[in-house]
Amino acid sequence: MSAALPALLEVERLSVEFGSGAATLRAVDDVSFHVNAGEVVGIVGESGSGKSVSALAVMGLVDEPGRVRAGRLAFAGRDLQTMPAREHRALLGGEMAMIFQDPTSSLNPSFTVAFQLMETIELHEGGTKRARRARALELLKAVEIPDPQRRLDAYPHQLSGGMSQRVMLAMAIACNPRLLIADEPTTALDVTIQAQMLALLKKLQEERGMALVLITHDLGVVSEIADRVLVMYAGQIVETQRVPALFESPRHPYTEALLAALPERNTGRRRLSSLPGLVPGAFDRPGGCLLAPRCPYVQPRCAERPALFDLGTACARCFFPLAVTTPAPHG
Amino acid sequence: MRAVDLGGADASPPTPIGELWRDFSRNRGAVAGLVVIALLVFTALFADLIAPYSPSEQYRDATLHAPSLAPVGGHVFLLGTDPVGRDVLSRLIHGTRLSFVIGIVSVGLSLGGGVLLGLVAGFFRGRIVELAIMRTMDVMLALPSLLLAVAVVAILGPGLANAMYAIAIVMLPHFVRLTRGAVMTELAKDYVAASRVAGAGTARLMFDTVLPNCAAPLIVQATLGFSSAILDAAALGFLGLGAQPPTPEWGSMLASALEFIQSAWWVVTLPGLAILVTVLAFNLAGDGLRDALDPKLKR
């Protein structure tokens with residue numbers, strides 16, 4: 001936004017559509033954001049809010065029949081849309097990496113951990129077989145896998161979910177990427193492993209100075225490691241703010257509702273606070289503000305479609321952004 | 001965080017092959033099938049050494065001689081002779097070799113082509129290529145298999161080689177559909193996306209990433225296809241469209257002895273039994289292999 005240097009990742013007016021004619025679903029609607037080098041950005045939203053699809057679109061992984069349109073999609077100043085496929089592939093895995101939600105299906109079941117790690121290393125760095133194996137071992141150590149020497153020759157089905165996710169992470173960081181997109185990296189893991197995984201992600205991010213985009217529906221995860229958060233709703237960004245501020249004073253009613261639904265903020269109450277209704281689907285998208293049917297503060301003007309207004313320290317897609325409040329006792 | 005070494009960690013998990021053998025050997029029928037196949041392979045490989053006589057030599061003084069241990073004109077015909085005096089046992093032994101050649105060639109051609117087409121169809125879903133491949137396969141599946149084989153042989157001309165091509169074509173749709181289905185299942189998994197994120201191109205994804213994971217159903221189908229290839233070849237031979245005389249192919253042996261079905265039971269029964277035993281052995285082994293390779297059926 002105000003950075004003099006071009007951001008590491010620039011996304012402008014990104015839209016992803018599925019289906020055609022009346023059945024067209026805009027999974028991602030006019031999303032713009034950027035990620036600076038070394039920054040941790042959280043993308044938060046409910047299921048179906050378009051957070052994963054945005055990331056897949058950035059990585060060029062949205063297949064037919066999905067349609068990706070963007071004003072600009074650039075990595076380190078290089079336009080991803082006009083880049084030849086070969087160059088794009090070299091960039092993927094080299095400078096941009098991604099890890100996925102389901103660790104059990106993220107590794108190729110036919111090959112050993114060492115084989116898969118070495119394949120990635122070979123593709124981008126080359127080197128002798130011995131050197132690649134040593135590097136693979138080093139990577140397993142970096143992701144803090146217990147007994148890495150023995151895990152090298154394990155097949156994915158012999159690993160636990162947490163270990164598979166660590167191997168995925170090792171593959172992702174194999175070529176020292178400058179940007180790592182983690183799509184719900186902790187959702188499929190136990191709570192204890194989640195905390196370890198987050199600490200590991202944060203540690204690797206700091207050690208290597210890589211930018212991290214963390215996609216999650218868990219605000220608790222974001223509050224721990226993100227510098228800045230994008231809140232998505234029904235394919236749109238509804239709020240962006242830096243981290244402590246977002247939790248202290250959300251500017252968009254949706255963010256406020258998300259925060260209010262955190263169990264930590266509901267101590268002493270009998271029922272967890274929740275927002276009634278569902279994310280609009282392909283056939284029930286409201287004409288005006290997409291949150292209007294569920295918003296507790298809805299006004300007549302909300303029948304119009306709000307833009308993402310710049311509020312100085314934050315951006316919110318709302319005609320009546322919430323006032324900045326003093327830090328809440330639970331914040 | 002560091003795991004404590006609890007000892008006993010030396011008990012390494014079974015290798016994939018070891019695990020496969022363990023699951024396979026639980027099925028007795030499958031093991032029996034495998035033993036029979038091993039014997040048949042041995043027979044096929046050393047047919048020249050095992051067979052007592054040449055498969056095409058005619059002993060004119062011993063036509064339609066019944067199976068017996070008694071020598072006729074200085075020769076022992078253990079399984080009797082056929083209408084022109086050829087030793088049935090020798091012909092059956094040499095026929096084993098032919099049957100295996102038929103099985104290997106037609107399954108090989110069909111598997112190779114089917115995997116290639118199936119991979120392409122699975123990777124380019126919704127494109128013209130997929131449509132063209134799959135609709136052609138549907139048309140081929142709509143025809144009765146033997147009729148299709150007969151039609152292909154009618155175009156190419158009768159003969160053993162052409163019969164093998166015809167069988168390969170008949171079996172092709174099964175391999176294509178199976179591969180495409182397996183590819184579609186695998187493509188939906190995250191490791192494929194992970195591989196793409198790591199910068200793998202389409203060819204690498206097809207052959208290195210996805211294909212090894214589709215191997216299990218293909219191995220099973222190939223084993224079962226082997227028996228249907230032998231059966232189809234016998235049927236074509238019986239109709240006079242496959243191997244031509246004097247080739248000792250089991251199907252054509254059946255056909256040439258048809259008129260003696262009442263008077264000389266051995267000339268018809270023995271080739272029939274050979275086909276039966278071979279096909280049964282492959283089917284049993286194939287079933288066992290499927291049980292061993294399919295994680296859903298594992299205990």
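Residues numbered from 1 in each chain as written. Chains lettered and ligands numbered in written order. Predicted model: local features only at pLDDT ≥ 70, side-chain atom pairs only at ≥ 80, totals over all residues.

(A) Main features of the overall build of chain A. A tally of helices and strands in chain A yields ten helices and 13 strands. Whereas a compact globule of 331 residues would reach a radius of gyration of roughly 20 Å, chain A reaches 21 Å, a difference of no more than 12%. For chain A, the spread of C-alpha atoms along the three principal axes comes to 70 × 50 × 40 Å. Looking at chain A as a whole, 43% of its 331 residues are labelled buried. Taking as baseline every contact in chain A between residues at least 6 positions apart, the subset at least 24 positions apart corresponds to 63%. (Helix = DSSP H or I, 4+ residues; strand = E, 2+ residues; numbered from the N terminus. Rg over C-alpha atoms; globule rule 2.2 N^0.38 Å. Buried ≥ 20, exposed ≤ 12 C-beta atoms within 10 Å, placed from the backbone. Contact = placed C-beta atoms within 7 Å.)

(B) Here's a closer look at the overall build of chain B. A tally of regular secondary structure across chain B gives twelve helices and two strands. Listing every helix and strand of chain B by position from the N terminus yields α-α-α-β-β-α-α-α-α-α-α-α-α-α. Taking the principal axes of its C-alpha atoms as reference, chain B extends roughly 85 × 55 × 25 Å. In chain B, which comprises 299 residues, the share counted as buried stands at 43%. Within chain B, contacts between residues separated by at least 24 positions form 69% of all contacts whose residues are at least 6 apart in sequence.

(C) How the structure looks around the sheet that holds strand β9 (residues 211-216) of chain A. Residue and element names in this part refer to chain A. In spatial order, the strands read β7-β8-β9-β3-β10-β11-β13-β12; together these eight strands make up an open sheet with mixed pairing. Whereas interior strands pair on both sides, the edge strands pair on one side only; in this sheet they are β7 (96-99) and β12 (309-310). In this structure, strand β3 (residues 40-45) lies alongside strand β10 (residues 228-233), joined through five bridges in parallel fashion. Bridged to glycine 42 within β10 is valine 229. (Pairing = 2+ DSSP bridges.)

(D) Representation of the environment of isoleucine 43 of chain A within the structure. All names here are of chain A. Structurally, isoleucine 43 is set in strand β3. Each C-alpha atom of the pair isoleucine 43 and leucine 275 lies 19 Å from the other, and the pair is 232 residues apart in sequence. If sequence neighbours within four positions are ignored, isoleucine 43 has contacts with Lys51, Val213, Ile215, Leu230 and Met232.

(E) Region of the structure containing the environment of glycine 33 of chain B. All names here are of chain B. Take glycine 33: it is sitting in helix α2 (residues 28-45). Among the residues examined, glycine 33 registers 25 C-beta atoms within 10 Å and is labelled buried. Through-space distance from the C-alpha of glycine 33 to that of tryptophan 266 is 24 Å; in sequence the pair is 233 residues apart. Setting aside its immediate chain neighbours within four residues, glycine 33 contacts Ala281, Phe282, Leu284, Ala285 and Gly288.

(F) Highlighting the interface of chain B and chain A. With 18 residues of chain B at the contact, the number on the chain A side is 29 residues. At six residues, the largest contribution of residues to the side of chain B that touches chain A is made by helix α8 (residues 190-197) of chain B.

(G) Molecular detail of unusual backbone geometry. The amide bond that connects proline 245 of chain B to the next residue, proline 246 of chain B, takes the cis arrangement and shows omega of 5°. Summarising the element assignment, proline 246 of chain B is placed in the loop between α10 (215-238) and α11 (250-256). Of note, aspartate 30 of chain A is a non-glycine position whose phi angle comes to about 60°, a positive value. Tracing the backbone shows aspartate 30 of chain A in strand β2 (residues 25-35).

(H) View of the nonpolar core. Ranked by size, the top nonpolar core spans 176 residues in total, and within it Ala170 and Val213 of chain A together with Ile167 of chain B carry the most contacts. Apart from residues no more than four positions distant in its own chain, valine 213 of chain A is found in contact with Val35, Val41, Ile43, Ala55, Ile181 and Ala182 of chain A. (Core = buried A, V, L, I, M, F, W, Y, C linked by C-beta atoms within 7 Å.)

(I) Highlighting the pairing of strand β8 (residues 179-183) of chain A. Residue and element names in this part refer to chain A. Of all five residues in β8, five are buried; the element is thus mostly enclosed. Neither face of β8 is exposed, since Leu179, Ile181 and Asp183 on one face and Leu180 and Ala182 on the opposite face are all buried. Where β7 lies against β8, four bridges are found, and the strand directions are parallel. Its bridge partner lying in β8, methionine 96 is registered against leucine 179. Examined bridge by bridge, β8 and β9 share five bridges and lie parallel to one another. What sits directly across from isoleucine 181, in β9, is valine 213.

(J) Examining the packing of helix α4 (residues 88-123) of chain B against α10 of chain B more closely. Residues and elements named next belong to chain B. Contact pair α4 / α10: the axes reach a minimum separation of 8 Å and the direction vectors enclose 130°. Classified by the angle their axes make, α4 and α10 are oblique. Here the hand of the crossing between α4 and α10 comes out right-handed. Touching Ser99, Ile102, Gly103, Ser106, Val107, Ser110, Leu111 and Val115 of α4 are Leu218, Ala222, Gly225, Phe226, Ala229, Ile230 and Ala233, all from α10. Taken together, the residues that form the contact of α4 with α10 break down as ten nonpolar, five polar and no charged. (Axes fitted to C-alpha atoms, helices over the stretch in contact; angles between N-to-C directions. Parallel < 35°, antiparallel > 145°, perpendicular 65-115°, else oblique. Left-handed = near helix turned anticlockwise from the far one by under 90°. Nonpolar A, V, L, I, M, F, W, Y, C, P; charged D, E, K, R; others polar.)

(K) Representation of the pairing of β9 of chain A. Among the six residues of β9 of chain A, six are classified as buried, and the element is accordingly described as predominantly covered. Both faces of β9 of chain A are covered, namely the face carrying Ala211, Val213 and Ile215 of chain A and the face carrying Leu212, Leu214 and Thr216 of chain A.

(L) View of the confidence of the model for chain A. Averaged over chain A, the pLDDT score is 86; the fraction of residues at 70 or greater is 97%. Per-residue pLDDT, averaged within each element of chain A, yields its smallest value for helix α2 (residues 85-91) of chain A (84) and its largest for β9 of chain A (93). (pLDDT = per-residue confidence, 0-100.)

(M) The arrangement of α10 of chain B in detail. Residue and element names in this part refer to chain B. For α10, with 24 residues, the first-to-last C-alpha span of 34 Å sits near the 34 Å given by 1.5 Å per residue. Across the 24 residues that make up α10, a large majority, 20, are buried. Backbone geometry just after α10 places glycine 240 at a positive phi near 80°. (Expected span 1.5 Å × (residues − 1).)

(N) Expanded view of the confidence of the model for chain B. Averaged over every residue, the pLDDT of chain B is 87; the share at 70 or more is 94%. Complex prediction metrics read pTM 0.77 and ipTM 0.73.

(O) The packing of helix α7 (residues 160-187) of chain B against α10 of chain B, seen in detail. Residue and element names in this part refer to chain B. Where α7 meets α10, the axes come as close as 10 Å, and the angle between the chain directions of the two elements is 155°. One way to sum up the angle between α7 and α10 is to call them roughly antiparallel. Taken as a pair, α7 and α10 cross one another with a handedness that is right-handed. Residues Ala163, Ala166, Ile167, Val170, Met171, His174, Phe175, Leu178, Thr179 and Ala182 of α7 pack against Pro217, Leu218, Gln221, Gly225, Ser228, Ala229, Asp232, Ala233 and Leu236 of α10. Class assignment of the residues belonging to the contact of α7 with α10 gives a composition of 13 nonpolar, five polar and one charged.

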